[in-house]
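Below are the chains, spelled out letter by letter.
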Amino acid sequence: MNDTPDGYIARLKEGSYEVFSDLYAHYSNRLYGFAMAQTKNNALAEDIVQEAFLKLWNTRQQLDCYGNVHALLFTIARNLIIDGFRKRIAQIDFEEYRQACHKMSPIPTPEEQVNYHEVVEQVEQTKRHLSKRACQIYEMSREKNMTIQEIADSLNLSSQTVKNYLTSTLKVFRRELKQR
């Protein structure tokens with residue numbers, strides 16, 4: 001990092017592995033500390049550092065020669081952390097709940113069976129409030145475990161449209177299930 005900021009950004013834009021390695025050596029520990037303070041999870045913090053540098057490398061062509069790499073890396077990391085939190089909050093992981101219940105007791109008690117059927121019925125009732133397309137996208141995402149891109153390709157939609165449908169659909173689910 002002996003070069004001027006403009007110089008190493010210009011060299012990074014040209015694809016210099018040396019500059020990228022220098023940036024990694026210079027910022028990775030600080031970025032890890034930041035991610036660890038936010039997530040309180042060692043593996044997740046390491047993943048965020050890797051993802052941030054991967055994103056820096058993949059978007060190096062768009063870097064501004066007068067930019068602040070330090071601020072850029074920490075902004076990328078912050079956004080990755082926020083996205084991770086949003087994903088965890090937005091997930092209605094019914095299948096994980098069912099598997100956890102099964103691990104606790106392989107033979108469900110009558111009460112567990114009733115609870116399971118109530119939740120299934122609530123999900124089905126909520127799906128009836130959705131438009132046909134929203135329901136289709138929800139089922140592909142949550143019941144068939146398809147990625148957003150797979151859904152978009154299958155339905156000939158943009159991935160952003162699929163994301164928008166899922167976001168609004170999950171809001172409906174949270175509202176409806178919270179009321180019950």
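Residues numbered from 1 in each chain as written. Predicted model: local features only at pLDDT ≥ 70, side-chain atom pairs only at ≥ 80, totals over all residues. Heavy atoms only, no water.

Observations regarding the overall build of the protein
Right, on to step 1. A count of helical and extended segments in the protein gives 9 helices and 0 strands.
Right, on to step 2. If you list the helices and strands of the protein from N to C, you get α-α-α-α-α-α-α-α-α.
Right, on to step 3. When burial is assessed residue by residue, the protein has 28% of its 180 residues classed as buried.
Right, on to step 4. The contacts in the protein between residues at least 6 apart in sequence include a share of 60% that link residues at least 24 apart.
Right, on to step 5. Total accessible area on the protein stands at roughly 12000 Å², and carbon and sulfur atoms take up 51% of it. (Helix = DSSP H or I, 4+ residues; strand = E, 2+ residues; numbered from the N terminus. Buried < 20%, exposed > 50% of the residue type's maximum accessible area, 1.4 Å probe, protein only. Contact = heavy atoms within 4.5 Å. Areas by Shrake-Rupley, 256 points an atom, 1.4 Å probe, with all protein chains shown as cover.)

Quick notes on the nonpolar core
Right, on to step 1. Leu12, Leu23, Leu31, Phe53, Leu56 and Val69 are the most contacted members of the largest nonpolar core, which totals 23 residues.
Right, on to step 2. Counting residues per element, the ones that place at least two in this core are α1 (5–13), α2 (17–39), α3 (42–58) and α4 (69–90).
Right, on to step 3. When residues in this core are grouped by element, the largest group, 7 residues, is from α3.
Right, on to step 4. Apart from residues lying up to four places away in sequence, Val69 is in contact with Tyr8, Ile9, Leu23, Tyr27 and Leu56.
Right, on to step 5. In terms of nonpolar packing, the next biggest core, distinct from the first, is built from 8 residues, Val123, Ala134, Tyr138 and Val172 among them. (Core = buried A, V, L, I, M, F, W, Y, C linked by side-chain atoms within 4.5 Å.)

Section: unusual backbone geometry
Right, on to step 1. For Lys40, which is not glycine, the phi torsion reads 60° and is therefore positive.
Right, on to step 2. Mapped onto the fold, Lys40 is located in the loop between α2 and α3.
Right, on to step 3. Judged by its relative accessible area of 65%, Lys40 falls in the exposed class.
Right, on to step 4. Positive phi outside glycine occurs at Asn156, with the angle close to 60°.

Regarding the environment of Tyr8
Right, on to step 1. Its location among the elements puts Tyr8 in helix α1.
Right, on to step 2. Overall, the relative accessible area of 10% leaves Tyr8 in the buried class.
Right, on to step 3. With 12 residues separating them in the primary sequence, Tyr8 and Phe20 have C-alpha atoms 8.8 Å apart.

A look at α2
Right, on to step 1. Roughly 45° is the biggest bend found in α2, and it falls at Tyr27.
Right, on to step 2. Restricting attention to buried positions, one finds in α2 the residues Val19, Phe20, Leu23, Tyr27, Ser28, Leu31, Ala35 and Thr39.
Right, on to step 3. Immediately beyond the C-terminal end of α2, within one or two residues, lies Lys40, with a positive phi of roughly 60°. (Bend = angle between axes of the 7 residues up to and from the residue.)

Geometric values such as these leave the question of function open.
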